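# Examining the three-dimensional arrangement
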Amino acid sequence: MYVNLYPGKQLRSTKRTVLLIGLFLVLGGAYALLREFLWIESFREGWAMASAAMVLLGLLPLAYGTDMLHFKDAFFSMTPDRMVYRLTLLGAEKVVEWQQIQELQITEYVIKFILKGGSITKLRLSAIQKPDVARHVSRSIHLAALEQGIMINGVKPSPTAPAMQV
């Protein structure tokens, strides 16, 4: 199963927002820098440095908004062996092997994977833009964990043997 968490329309909207933020920072910083150099008689070093920093800081979102730098794909992928996901466009990719999971704690907003070594990995459902996609991911993990025989919220699933034999 593969789910793209940022479809084209949302990605375009995010790029437009990032572009506007970048333009605001670059233009505002450039105006403040010009003002320091050209229109103010007393040169204020701190203001000039802050203005230059604002221009430089604005170049990064401007580069992402104009596709000079590319966002990574935000996705969730699940196979019988493992789960791989990246919830944000700039975040790191996380891999969770099914055989490493000792227990799952599923709530409305987060899924905690308690691993056999004692470490915890979290999948924040609130980071997924669409609530219906977040519910789909949560239910898919829940069903797959039942099939794998993994404890969910402190309850061990029943064996996978059929209840009735005909």
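What you see is a predicted model; the values in this text were computed from it and never measured.

### Considerations on the sheet that holds strand 1 (residues 2-4)
Within the open sheet, the four strands sit side by side as 1-2-3-4. Their pairing is antiparallel. Strands with a single pairing partner mark the edges of an open sheet, and in this sheet they are strand 1 and strand 4 (94-97). Taking each pair of neighbouring strands and ignoring which way they run, the sheet shows an average axis angle of 10°. Pairing of strand 3 (residues 82-86) with strand 4 involves four bridges; the strand directions are antiparallel. Of the residues in strand 4, the one forming a bridge with R82 is E97. Along the sheet, helix 3 (residues 131-148) makes contact with strand 1, strand 2 (75-78) and strand 3, crossing strand 2 at roughly 20°.

### Quick word on the side chain of S138
As for its position among the elements, S138 is in helix 3. For S138, a relative accessible area of 6% puts it in the buried group. Excluding residues that lie within four positions of it along the chain, S138 makes contacts with I106, I111 and L125.

### Description of a nonpolar patch on the surface
On the surface, Y31, L34, F37, L38, W39 and F43 cluster together into a nonpolar patch covering about 720 Å² of accessible area. Mapped onto the secondary structure, L34 falls in helix 1 (residues 8-39).

### Quick notes on unusual backbone geometry
You will see that D67, though not glycine, has its phi angle at about 65°, which is positive. The phi angle at N153 is positive, at roughly 50°, despite the residue not being glycine. Using a relative accessible area of 42% as the deciding quantity, one classes N153 as partly exposed.

### Here we look at the side chain of T121
Mapped onto the secondary structure, T121 falls in strand 7 (residues 120-124). Beyond its immediate stretch of four places on either side in the chain, T121 contacts Y85, K94, V96, I111, K112, F113 and L115.

### Quick word on helix 1
Over its 32 residues, helix 1 extends 45 Å from the first C-alpha to the last, a length consistent with the 46 Å expected when each residue adds 1.5 Å. When helix 1 is considered as a whole, its buried residues turn out to be Q10, K15, V18, G22, L25, V26, G29 and E36. Tucked into the core, helix 1 has its buried residues touching helix 2 (45-65).

### Re the sheet that holds strand 7
If you trace the four strands from one edge of the open sheet to the other, you get 7-6-5-8, paired in mixed fashion. Edge positions in the sheet fall to strand 7 and strand 8 (151-152), since each has one partner strand and no second. Sheet topology note: the strand 5 (residues 101-106)/strand 6 (residues 110-115) ladder contains five bridges and is antiparallel. Of the residues in strand 6, the one forming a bridge with I101 is L115. Together, strand 5, strand 6, strand 7 and strand 8 form the strand contacts of helix 3, whose direction differs from that of strand 5 by roughly 145°.

What counts, and at which threshold
- Residues numbered from 1 in each chain as written.
- Predicted model: local features only at pLDDT ≥ 70, side-chain atom pairs only at ≥ 80, totals over all residues.
- Heavy atoms only, no water.
- Pairing = 2+ DSSP bridges.
- Helix = DSSP H or I, 4+ residues; strand = E, 2+ residues; numbered from the N terminus.
- Axes fitted to C-alpha atoms, helices over the stretch in contact; angles between N-to-C directions.
- Contact = heavy atoms within 4.5 Å.
- Buried < 20%, exposed > 50% of the residue type's maximum accessible area, 1.4 Å probe, protein only.
- Patch = residues over 30% accessible without salt bridge, like charges linked within 9 Å, V, L, I, M, F, W, Y side chains within 5 Å.
- Areas by Shrake-Rupley, 256 points an atom, 1.4 Å probe, with all protein chains shown as cover.
- Salt bridge = Lys/Arg side-chain N within 4 Å of Asp/Glu carboxyl O.
- Expected span 1.5 Å × (residues − 1).

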